[in-house]
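Residues per chain are reported as follows:
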Amino acid sequence: MKPEIELELSALSINITDQCNLRCRHCWVSAGPGAAGGRAQELTREEIVGFVRDAIPHGLRNVNITGGEPFARWDMLDIISDIRALSIGISMETNGTLIDEKIAATLNELGVYCVAVSLDGATPDSHEFLRGVAGSFAQACEAIRLLSRAGIPTQAIASIHRGTLDETEDIIALAAELGASSVKVDPIQAWGRAAEDEALECLSVAEHLDLHHRLTARARAHPQGAEVMVPVPPAFLPAKELAVYREICGPLARLGLLPDGRVSICAFGGSKSAPIFGSAREHSVADIWAGNRELRELREVVPHRLEGVCGRCLLRLTCLGYCRAKAVSVFGSLASPCEICQAAYDMGVFPASRLMN
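Residues numbered from 1 in each chain as written. Predicted model: local features only at pLDDT ≥ 70, side-chain atom pairs only at ≥ 80, totals over all residues. Heavy atoms only, no water.

Asks: What's the story with the overall build of the protein in this structure? I'm lost.
Replies: The secondary structure content of the protein amounts to 13 helices and ten strands. Taken over the C-alpha trace, the protein has a radius of gyration of 20 Å; the compact-globule value for 357 residues is 21 Å, and the two agree within 12%. Considering only C-alpha atoms, the protein reaches an extent of 55 × 50 × 40 Å along its principal axes. For the protein, the proportion of its 357 residues judged to be buried stands at 54%. A fraction of 71% describes how many contacts in the protein between residues 6 or more apart in sequence connect residues 24 or more apart. Total accessible area computed for the protein in this model is approximately 15,600 Å², and 51% of it derives from carbon and sulfur atoms. Charged side chains in the protein number 34 positive and 44 negative. The centres of these two groups are separated by 5 Å. (Helix = DSSP H or I, 4+ residues; strand = E, 2+ residues; numbered from the N terminus. Rg over C-alpha atoms; globule rule 2.2 N^0.38 Å. Buried < 20%, exposed > 50% of the residue type's maximum accessible area, 1.4 Å probe, protein only. Contact = heavy atoms within 4.5 Å. Areas by Shrake-Rupley, 256 points an atom, 1.4 Å probe, with all protein chains shown as cover. Lys, Arg positive; Asp, Glu negative; His and termini not counted. Charge placed at Lys NZ, Arg CZ, Asp CG, Glu CD.)

The following block contains the structure:
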């Protein structure tokens, strides 16, 4: 059955394993040593590469690999090599603890175009408060050094909570000193383990937006050094930035492949409330992309039938409702509004110029 609208599956997020050598307070898939499901349930190298190969006729160009910890898989470099042989671009997210000089050099040789390393504090205490393992701060710092020296564009991802809010600029400075070409400051969201950890205080929407405005102003005043970004919906961006805005997630052009073969909206499909569109072990890419009922519903809803403030937003054709996985998690449906935008609207701080009457 052909979809009512022809869309390209341009990007694939692969949550390649739930196994991890750390046990982070804020992990949204509850990864860790001996995580539920285990290695016996994971897709094989051949199954993963086969799914990527079958997605190419549907427009696939880029793959992002995350986890768990991707390098907890012994065959990670082989999988990357196989995917690159298909002329597919690869980016990765890692905690950095298993990166050595040889792995960094190999990733560069294979043409991985970006590696993001978690750097959640400017000191061992603040970083390891989240990561839960002594020594992980020094290992993350060394990974950024090694990757950048190997010639790979390296991003530091700082997961910020109230305990590290005042440390943000120190984290940015450290990441730049280590060689990171960019820093993504990513406020922790209250889902997964973060929703249950009483010692972890997530930022409010107002604090999130204030952090974005403050760091954006800082970046404009001091353009040299690492690029700094605090993701927010485009409704909060100035007009000149909208001209070059590109939706990162793109819910109409992306799928997520989970460790056990389930296919979801993105890598956040590991959360309990995320929609599942099928299984790579039971369905072809064509069957999922063109025929799944929930995926077809998503295309009918986004962007023209979005609810709440998103239904009134002038930028819904650009934004596409921002993160649909989070919208489902917070409000319960694919049509639900973006949590950040709805909270801002309810507080009276959503930009009036971005609303239709």
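Next comes the rest of the account.
Asks: What am I meant to see in the nonpolar core here?
Replies: Where a protein is soluble and globular, its nonpolar side chains tend to be buried together. By size, the foremost hydrophobic cluster in this structure holds 97 residues, and its most contacted members are Leu107 and Leu119. Residues Leu22, Cys27, Val29 and Ala31 belong to the second largest nonpolar core, which totals six residues. (Core = buried A, V, L, I, M, F, W, Y, C linked by side-chain atoms within 4.5 Å.)

Asks: Explanation requested: helix α5 (residues 136–149) in the structure shown.
Replies: Turn by turn, an α-helix covers 3.6 residues, leaving residues three or four places apart pointing in a common direction. With 14 residues, α5 should reach 20 Å at 1.5 Å per residue; the first-to-last C-alpha distance of 20 Å fits that figure. All buried positions along α5 are accounted for by Ser136, Phe137, Ala140, Cys141, Ala143, Ile144, Leu146 and Leu147. Buried residues along α5 sit in contact with α3 (101–110), β4 (114–118), α4 (124–131), β5 (154–160) and α6 (168–178). Downstream of α5 by a residue or two, Gly151 has a phi angle that is positive, lying close to 95 degrees. (Expected span 1.5 Å × (residues − 1).)

Asks: Can you help me understand the packing of α6 against helix α7 (residues 205–221) in this one?
Replies: In a packed pair of helices, the relevant descriptors are the angle between the two axes and the axis-to-axis distance. Where α6 meets α7, the axes come as close as 12 Å, and the angle between the chain directions of the two elements is 45 degrees. Here α6 is positioned oblique relative to α7, judged by the angle of their axes. Classified by chirality, the crossing of α7 by α6 is right-handed. Where α6 approaches α7, its residues Thr168, Glu169 and Ile172 are matched on the opposing element by Leu211, Arg214, Leu215 and Arg218. (Axes fitted to C-alpha atoms, helices over the stretch in contact; angles between N-to-C directions. Parallel < 35°, antiparallel > 145°, perpendicular 65-115°, else oblique. Left-handed = near helix turned anticlockwise from the far one by under 90°.)

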